[in-house]
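Examining the three-dimensional arrangement
What follows is the residue order along each chain.
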Amino acid sequence: MKYSLPIPLLGFAAYSGTGKTTLLETLLPKLTEAGLRIGMLKHAHHNFDVDKEGKDSYRLRKAGASQMLIASRNRYALMTETPEAESEFDYLLSRFDCDTLDVVLVEGCKNIAFPKIELHREEIAKPWLYPNDDNIIAIASDSQLSDTQLPQMDINDLDAIAHFVIDYVKSSGQLTKPKSEAACCDTLSPAFLSVEQGQEKILSLVHPVEETEACPIESAYGRVLAKDVISPVNVPQYTNSAMDGYAICGDDLDRNHYQVVAEVLAGHAYDKPLQAGEAVKIMTGAPVPVNADTVVMREQASQQGDNVTFGEAKIKIGQNVRQAGEDLAIGSEVFTQGKRISSPEMGMIASLGYADCQVFRALKVAVFSTGDEVQAPGTEQKSNSIYDSNRFTLIGLLESLGCEILDFGILEDNEDLMVKALEDASAQADVVLTSGGVSVGDADYIKLALDKLGQIDFWRINMRPGRPLAFGQISGKPFFGLPGNPVAVMVSFINFVEPALRKMQGEQHWQPLKVNAIATENLRSRQGRTEFSRGVYQLDSTGQLTVCTTGKQGSGILRSMSEANCLIEISPSVDTVKVGESVTIIPLQGRI
């Protein structure tokens, strides 16, 4: 993307605790005294309120206003709620009135590609940013570096920093073009792919299967519709009673009593037009007689012999009657192609009289494990070996998605055998899936075999767990090489394989559910990468959604996944989530 900001943009990048705000608070008066008109963008790592609790704007915003504009003689402020996703960086820049500014300064957003001054203090003991960020144009520090040609300033010399900013604004003919493709405050270093970039690349390279088949409704759970479902009937098919009671004519409400001329059960009908002064005792779901358009519930009625009265009941014409076609008219679209079928859809399709539906054929996925150190469960364990767990984890994940699984077992470290297995797998399956041997620098036989057979990219994803990922094509079939650690396998599958498989199955518009919860313990991450911790969410006594981790978070601790009901997602711009702060969680029910 290209920033459309017509004025210079300059950031101040540093780790938390370096004193960015304090420095800027002292620096800004020096810049304004020099005549600069300054716009300021600050990225916060946590939830915040800009108005005080109890103030009118706060009360109205909390009451539900998604945008709150408050204005006075001296200033105005627009507060916009963004519960679905963090606003993109370029969009935030577009909010500034550049006609009245000379420069926009940014505090935070250090992982976005735009010009920045790095602030560094030795006592914070954080790593330097400039070796991995070509967008840093100068350094302000309390120590001197000898391994860089970047301009250096003393972080405590505010006059020197102010002069640098002023010279930068004067010399900036246009904004430096950013290198990154993404555009939010969670964009990652160009040396790695972000989670979102990896997902987008994979989804752009996989396509739905084309073959379809008729599937009996009783076998349709989890399948994906290949054809729209159109209603062949009205739903309800006929005008019927919504409850047990008495059907009468709506224009005949002024009587003291009515003559009961029939009793109609569901599945039966009164085939004569209802006359004035007549009533039919009717059960829920039974067709309403001709001329009847109102049903009085049984609890409001008193019947003596063939006469019924309704006492003081307030009767409204048309009450308790479901009209034919009220839910669906003949020819209406019920479900569209790409809809994944669950139990409500099964019932709905059956209610229309269909015995089967057209679905995409089941996706075939080949799975295998590699390595001489890996052995099958149920055998006597050899020295220096481990039992195969990843293959069974993947089989369970694939079964939950309704895939047809081709289990190729365990392959020993033999290049020829692996080439043959990969060839067979790609010939039989739609997708090939394995784990281990994909880290940069690994000298694994699986990598040698892949080099012979297909076009495979070995990526580093800015996430933990699950940084190494291989993706490409073998004989035109997608190949996923997941990391070897058990937890990393599951986290990588959830983030990269599952979205791709759902697309290949024909499912449309699928997005994982993400919600906010309040942390009940401090959560730490490394800025610049997405952290996925295993967590347990629950509702507290006030109905608030809260979350904590399952304990130790090592990528080899498979038990941490079995105890979890969610993943806790910490964005790259955050290094600490404190108790009481909001954090994103991804519920796992139905996914693992």
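Each value, and the rule that gives it
Residues numbered from 1 in each chain as written. Predicted model: local features only at pLDDT ≥ 70, side-chain atom pairs only at ≥ 80, totals over all residues. Heavy atoms only, no water. Helix = DSSP H or I, 4+ residues; strand = E, 2+ residues; numbered from the N terminus. Contact = heavy atoms within 4.5 Å. Areas by Shrake-Rupley, 256 points an atom, 1.4 Å probe, with all protein chains shown as cover. Pairing = 2+ DSSP bridges. Expected span 1.5 Å × (residues − 1). Bend = angle between axes of the 7 residues up to and from the residue. Buried < 20%, exposed > 50% of the residue type's maximum accessible area, 1.4 Å probe, protein only. pLDDT = per-residue confidence, 0-100. Salt bridge = Lys/Arg side-chain N within 4 Å of Asp/Glu carboxyl O. 1 Å grid on protein atoms, 1.4 Å probe; cavity = no way out; pocket = protein on both sides within 12 Å on 5 of 7 lines; lining within 4 Å. Points joined across faces, edges and corners; volume = space filled by probe spheres on them. Nonpolar A, V, L, I, M, F, W, Y, C, P; charged D, E, K, R; others polar. Domains from an automatic or database assignment. Core = buried A, V, L, I, M, F, W, Y, C linked by side-chain atoms within 4.5 Å. Phe/Tyr/Trp six-rings, centres within 6.5 Å; stacked < 30°, edge-to-face > 60°.

Let us now look at the overall build of the protein. Secondary structure summary: the protein contains 11 helices and 36 strands in total. Of all intrachain contacts in the protein linking residues separated by at least 6 positions in sequence, the fraction that spans at least 24 positions is 68%. Split by element, the accessible area of the protein, about 30,000 Å² in all, is 47% carbon and sulfur.

Cis geometry marks the peptide bond from valine 235 to proline 236; its omega dihedral reads -5°. Along the chain, the position of proline 236 falls in the loop between strand E10 (229-230) and strand E11 (240-241). Here asparagine 291, not a glycine, exhibits a phi torsion of approximately 80°, which is positive. The residue asparagine 291 is located in the loop between strand E14 (278-282) and strand E15 (294-297) in this model.

Now for the pairing of strand E36 (residues 582-587). Bridging between strand E30 (residues 515-519) and E36 involves 4 bridges; their strand directions are antiparallel. Counterpart to isoleucine 518 in the pairing with E36 is serine 582. Summarising the sheet, strand E34 (residues 566-570) and E36 pair through 4 bridges and their orientation is antiparallel. Its bridge partner lying in E36, cysteine 566 is registered against proline 587.

Glancing now at helix H10 (residues 486-504). Along an α-helix, a turn takes 3.6 residues, which lines up residues three or four apart on a common side. The terminal C-alpha atoms of H10 lie 25 Å apart, and with 19 residues this matches the ideal 27 Å at 1.5 Å per residue to within 8%. In the structure, H10 departs most strongly from a straight axis at phenylalanine 493, where the bend amounts to approximately 45°. Within H10, 18 of the 19 residues are buried, leaving the element largely enclosed by the surrounding structure.

Once that is clear, we can look at the confidence of the model for the protein. Summary statistics for the protein give a mean pLDDT of 86 and a share of 90% for residues scoring 70 or more. Within the protein, the element-level pLDDT minimum falls on helix H2 (residues 56-62), averaging 70, and the maximum on strand E20 (residues 356-360), averaging 98. Here residues 174-191 is a poorly scored stretch, pLDDT under 50, and it has 52 contacts once near neighbours within four places are set aside; other chains count.

By the secondary structure assignment, serine 492 is in helix H10. Non-local contacts of serine 492, meaning those with residues more than four positions away in its chain, are made with Met463, Gly466, Leu482, Pro483 and Val497.

Any two side chains of opposite charge can pair, so long as their charged atoms come close to each other. Inspection of the entire model under this criterion finds 20 salt bridges. Linking glutamate 107 and lysine 42 is a salt bridge whose minimum nitrogen-to-oxygen distance equals 2.9 Å. You can see glutamate 107 sitting in strand E5 (residues 103-107) and its partner lysine 42 sitting in strand E2 (residues 38-42), a full 65 residues away along the chain. Taking relative accessible area as the criterion, glutamate 107 reaches 6% and is therefore assigned buried. A salt bridge links glutamate 498 to arginine 502, with the shortest nitrogen-to-oxygen separation between them at 2.9 Å. Here glutamate 498 pairs with arginine 502, and both are found in helix H10, just 4 residues apart, close to one helical turn. Like arginine 502, glutamate 498 is buried.

Right, let's talk about empty space enclosed by the protein for a bit. The full count for this structure, using the stated rule, is 1 cavity of 30 Å³ or more. In this structure, the largest cavity encloses a volume near 70 Å³. Taken together, the residues of the lining of the largest cavity break down into 5 nonpolar, 3 polar and 3 charged. If you count residues domain by domain, the lining of the largest cavity takes at least three from each of domain 2 (212-233 + 329-360) and domain 4 (364-505).

Here we take up the nonpolar core. Most often, soluble globular proteins have nonpolar side chains that are buried together. If you look at the biggest cluster of nonpolar residues, it comprises 41 residues, and the most contacted ones within it are Ile202, Leu433, Phe480, Leu482, Phe493 and Leu501. Contributions of two or more residues to this core are made by helix H5 (195-205), strand E21 (364-370), helix H7 (390-400), strand E25 (431-435), strand E28 (468-474), strand E29 (477-482) and H10. Top element by residues in this core is H10. It accounts for 11 residues. Ignoring anything within four residues of it in the chain, the contact list for leucine 501 reads Leu363, Val365, Leu398, Leu401, Cys403, Val431 and Phe493. Listed in part, the 24 residues of the second largest apolar core include Ala138, Met153, Ile155 and Tyr168.

Our next topic: the packing of aromatic side chains. Applying the stated criterion across every chain, the model contains 5 aromatic pairs. Where tyrosine 258 meets phenylalanine 310, the ring centres are 5.5 Å apart and the plane angle is 40°; that geometry is what we call tilted. Of this pair, tyrosine 258 sits in strand E13 (residues 258-264) while phenylalanine 310 sits in the loop between strand E17 (307-309) and strand E18 (321-322), and the two are 52 residues apart along the sequence. For the pair tyrosine 258 and phenylalanine 310, one class covers both residues: buried. Between phenylalanine 471 and phenylalanine 480, the ring centres sit 5.0 Å apart and the planes meet at 55°, which makes this aromatic pair tilted.

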